[in-house]
Amino acid sequence: MNKIIIIGAGPAGLSAAITIAQNGEEVLVLDEYMLAGGRLLGQLYEEPTGNWWNGITESENLYEKAIQLGVDIQLNTSVYDMEKQNNQWIIYTDNGTYFTKNVLLATGAAEQPFAIPGWTLPGVMSVGAAQVMTNVHRVKPGKRGIIVGVNVLSSAIAMELQLAGIHVKCITLPKKTKLAKESGDPLEVMNSLLHVSHMAPSKFVQLGSKLMKNDLMKKMGISFYPKNGIKMWDIPIMLRKAVIEIYGDKVVEGVKIATITPDGEVVKGTEENISADFVCITGGLYPLAELAAIAGCPFYHIEELGGHVPLHNEKMETTIEGLYVAGNITGIEGAKVAMSQGVVAGFSILNHIQDGKFNNDIEKSIKEIEQTRNSAYIQFHPNVEEGKHKLKKHWENYIGKELCKMVK
Amino acid sequence: MDCSMIVCRCEEVTYDDLVKTANKYKCSSRELKLRTRAGMGYCGGRTCRSMIESIVDKENEKKDEHVPLKYQAPIRPIHFGKLGGMNNDE
C-alpha cells in the first residue's frame, strides 16, 4: 500500500512529488516513458531575458531534486486501468498493481492529429514526434521538412528543428476538410497566431499584428497576406496556401500545395509540388484525461482549455475523494504553469492527509499559479483565464446539485 | 479529397466509409465506431478518436447532444498475461 501515487513524471507530477516529499510524506511517481520530464523534455527556446529554457536540463533538475528527497520514481511503467474498491484506489500497470488512497493524475497532453491524403506514408509524423527525435534522441527526422498546421506548438518546434540544422521549408495549412477542423481556416489560424506575435523576431509581424484588432482588419490581413508567407526565424509561414496531399512512392517525397482563398477554398490551377523527406502534421494539443474518465470524473468541453477536461476546483481536487489533477490534464498551458499547479495539488494532498495543516500553503500557491499564468511567455490559448472561469462555474453548479441531493 | 484515404489505420477504415456511414445513419460517434470498426483496433483509437468525433460533429446537426466516445480499460496495449493479473501478488 502506497500513501500517495502520482501518475505522470512531467513538470506537474514532479513538482507535486517534490512538494509532498519536502513535507515528510512518501510518494511514488509512475511514468510510461523511459525518462522523466514528459513534454518538458522537448522544449528549447530563448526567453525575452536572453536565458535559454532547456527542457532536458529543467527535467533533470526536477528529477534529481525529487530523487534526493526520497521520491520513488518508476519509469517505463504504463498505467492501463484504475478503480476504487473499499475506499482505496487500485492502480493497474504493466509493472504490477499498486494500492493507495490518494492519486494525482498528471498525465499531461497529447497531440491532435488529422488525416490528409498520403498521411500514412513513412516519413509523416506529428510535430511532437519530430521534436522528441531531435531534442531528446538527437536524431534528425530528415533533412528538409514541411509542417502542416500553423499553431503555437508547430511554430515553436519549427524553430527548434531549424536550430538543429534541419531545413524547415515552410509551415502551412492543411486543406479544409471535416477532419482538419479550424486548422484549415486561414482566419481562425490568424486569430490564434495574433496572440503569440510578440514572439516573432520580425518587427514587421509584431507591428502588423498590433493593427489587427478587429475582424475587418483581420479579413483584410488575410486577403493581403503574402501568398509566399511571412518569414519567422527564416521559415515562411503560409496562411494562403494549403497542402492537398502528401506524395511519394513508399516514403514521403513531397507535398502538393495550392493557393487558397481567405475562406480556405482551393484556387484551381495553382497546385505545385514541393519536395521534402519528412512531413509533420499538427492539430495542437489536447488534455490527456483517459484515466480521469475511467475513474468516473465528470467532464466539460472547454475550447479555451484545449478540449474535454475533468471537473476540478482551484485546489486541484476532483469531485471524487482521493483523486487530484494537475498540469495539462486541466487545460493546455506552459510547463511553468504546470509546475505551479503541481505544487497546489501537492499541498492539497498533504492537507487531506495531515488534517488541514496546509490551508495557508494552498491559498498562497493558488495565487502563484495566477502569477505564473499572467507572466507566461507562451500562452497556448489567449482566453485560458476565461476557460478557467467557465470551469469554476461548472464546479459551483455541480457541488450545488450534489448538496441538494444530500439534503433531500 | 481522396476517398480512399485511411482514417483508422488499425482497422483500415477510410474517410469515405466514415462520412457515408455518418450521413446515412445520422449516428453518434459510438454508433459510427461500431458500424465501421474505426477506433476498435490495436491502438484503442488513440490516433483516430478525435477524427471520428469531428466527422460526427460535422455530419450531425444535434451538436449539443454529442456524447464523446467512452474510454475503457485497458487504455494502453498490454499482454494478456498481465491483464489476467499473473503478477498481482499483493
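Residues numbered from 1 in each chain as written. Chains lettered and ligands numbered in written order. Predicted model: local features only at pLDDT ≥ 70, side-chain atom pairs only at ≥ 80, totals over all residues. Heavy atoms only, no water.

- In the annotation of an unreviewed UniProt entry, the entry for chain B reads BFD-like [2Fe-2S] binding protein, and the organism field reads Pseudogracilibacillus auburnensis.

- Per an unreviewed UniProt entry, the recorded name for chain A is Thioredoxin reductase, and the organism is Pseudogracilibacillus auburnensis.

Topic: the domain arrangement of chain A
Residues and elements named next belong to chain A.
And step 1. Here chain A is described as being made up of domain 1 (4-109 + 286-407) and domain 2 (113-283).
And step 2. Between domain 1 and domain 2, the C-alpha centre-to-centre distance is 31 Å.
And step 3. If you look at the interface, domain 1 gives 17 residues, while domain 2 gives 16 residues.
And step 4. Summed over both sides, the interface between domain 1 and domain 2 buries roughly 1300 Å², with carbon and sulfur atoms accounting for 66% of that surface. (Domains from an automatic or database assignment. Contact = heavy atoms within 4.5 Å. Buried area = accessible area lost by both parts, 1.4 Å probe.)

Looking at the side chain of Glu160 of chain A
Residues and elements named next belong to chain A.
And step 1. Along the chain, the position of Glu160 falls in helix H4 (residues 152-163).
And step 2. For the buried residue Glu160, which engages in no salt bridge, the nearest side chain bearing the opposite charge is Arg39, 8.8 Å off.
And step 3. For Glu160, the side chain forms a polar contact with the side chain of Asn135, separated by 2.6 Å.
And step 4. The residues touching Glu160, leaving out its near neighbours within four places in the chain, are Gly42, Gln43, Leu44, Gln131 and Asn135. (Helix = DSSP H or I, 4+ residues; strand = E, 2+ residues; numbered from the N terminus. Buried < 20%, exposed > 50% of the residue type's maximum accessible area, 1.4 Å probe, protein only. Lys, Arg positive; Asp, Glu negative; His and termini not counted. Salt bridge = Lys/Arg side-chain N within 4 Å of Asp/Glu carboxyl O. Polar contact = N/O pair within 3.5 Å; in protein donor to acceptor, adjacent residues only side chain to side chain.)

Description of the UniProt feature "domain: BFD-like [2Fe-2S]-binding" (unreviewed entry) in chain B
And step 1. Listed under "domain: BFD-like [2Fe-2S]-binding" (unreviewed entry) in the UniProt record, and renumbered for this structure, are residues 6-57 of chain B.
And step 2. What you have in residues 6-57 of chain B is 54% helix and 10% strand, and the ends, taken at the C-alpha atoms, are 19 Å apart. (UniProt positions renumbered as here; feature names shortened; annotations may be inferred.)

Observations concerning the packing of aromatic side chains
And step 1. Counted by the stated rule, this structure contains two aromatic pairs over all chains.
And step 2. Geometry around Tyr71 of chain B places Arg49 of chain B over its ring, the cationic atom sitting 3.7 Å from the centre. (Phe/Tyr/Trp six-rings, centres within 6.5 Å; stacked < 30°, edge-to-face > 60°. Lys NZ or Arg CZ within 6 Å of the ring centre and 35° of its normal.)

Things to note about the pairing of strand S7 (residues 88-93) of chain A
All names here are of chain A.
And step 1. Burial runs high along S7: five of the six residues are buried.
And step 2. Of the strand pairs in this sheet, strand S6 (residues 79-85) and S7 are connected by six bridges, and their pairing is antiparallel. The residue of S7 that forms the bridge with Glu83 is Ile90.
And step 3. The antiparallel hairpin formed by S6 and S7 contains two residues in its connecting segment, where Asn86 sits at a positive phi of about 45 degrees. (Pairing = 2+ DSSP bridges.)

So, the interface of chain B and chain A
Much of the literature gives interface size as the accessible area that the parts lose upon coming together.
And step 1. Facing the 28 residues of chain B at the interface are 30 residues of chain A.
And step 2. In this assembly, chain B packs against chain A so that about 2700 Å² is buried in total across both faces, 62% of it on carbon and sulfur atoms.
And step 3. A salt bridge links Glu32 of chain A to Arg76 of chain B, with the shortest nitrogen-to-oxygen separation between them at 2.8 Å.
And step 4. Joining chain B to chain A, the criterion identifies five residue pairs in polar contact (both at pLDDT 80 or more).
And step 5. At the level of elements, strand S1 (6-8), helix H1 (15-25), helix H3 (49-59) and helix H4 (80-83) of chain B are the ones that each hand at least two residues to the side of chain B that touches chain A.
And step 6. For the side of chain B that touches chain A, the element with the most residues is H3 of chain B, which contributes six residues.
And step 7. The class makeup of the residues in the side of chain B that touches chain A is 15 nonpolar, five polar and eight charged. (Nonpolar A, V, L, I, M, F, W, Y, C, P; charged D, E, K, R; others polar.)

A look at the state of the cysteines
Residues and elements named next belong to chain B.
And step 1. Under the definition given, this model contains zero disulfides over all chains.
And step 2. You can see Cys43 has no disulfide; the closest cysteine sulfur is in Cys10, sitting 3.7 Å from it.
And step 3. Its relative accessible area of 19% is what places Cys43 among the buried residues. (Disulfide = S-S within 2.5 Å.)

So, the environment of Lys101 of chain A
Residues and elements named next belong to chain A.
And step 1. Tracing the sequence through the fold places Lys101 in strand S8 (residues 96-105).
And step 2. The exposure class assigned to Lys101 is partly exposed, which follows from its relative accessible area of 44%.
And step 3. Considering only alpha carbons, one finds Lys101 and Gly322, 221 residues apart in sequence, at a separation of 5.9 Å.

Looking at the packing of helix H1 (residues 11-22) of chain A against helix H2 (residues 55-68) of chain A
When two helices pack together, their arrangement is captured by the angle between the axes and the distance separating the axes.
All names here are of chain A.
And step 1. Closest axis-to-axis distance for the H1/H2 pair is 9 Å, and the angle between their directions is 30 degrees. Relative to H2, the element H1 is oriented roughly parallel. The hand of the H1/H2 crossing is left-handed. When H1 is examined against H2, the residues Pro11, Leu14, Ser15, Ile18 and Gln22 are found in contact with a partner set consisting of Ser59, Leu62, Tyr63, Lys65 and Ala66.
And step 2. For the contact of H1 with H2, a count of residues per class yields six nonpolar, three polar and one charged. (Axes fitted to C-alpha atoms, helices over the stretch in contact; angles between N-to-C directions. Parallel < 35°, antiparallel > 145°, perpendicular 65-115°, else oblique. Left-handed = near helix turned anticlockwise from the far one by under 90°.)

Let's talk about the nonpolar core
And step 1. In terms of nonpolar packing, the biggest core is built from 43 residues, with Ile6, Val71 and Leu104 of chain A touching the most fellow members.
And step 2. Element by element, the count of residues in this core is highest for helix H9 (residues 335-353) of chain A, at nine residues.
And step 3. For Val71 of chain A, the contacting residues outside a window of four places in its chain are Ala17, Ala21, Val27, Val29 and Ala66 of chain A.
And step 4. The next biggest cluster of nonpolar side chains, apart from the first, holds 37 residues, and it includes Val243, Ile246 and Ile274 of chain A together with Ile55 of chain B. (Core = buried A, V, L, I, M, F, W, Y, C linked by side-chain atoms within 4.5 Å.)

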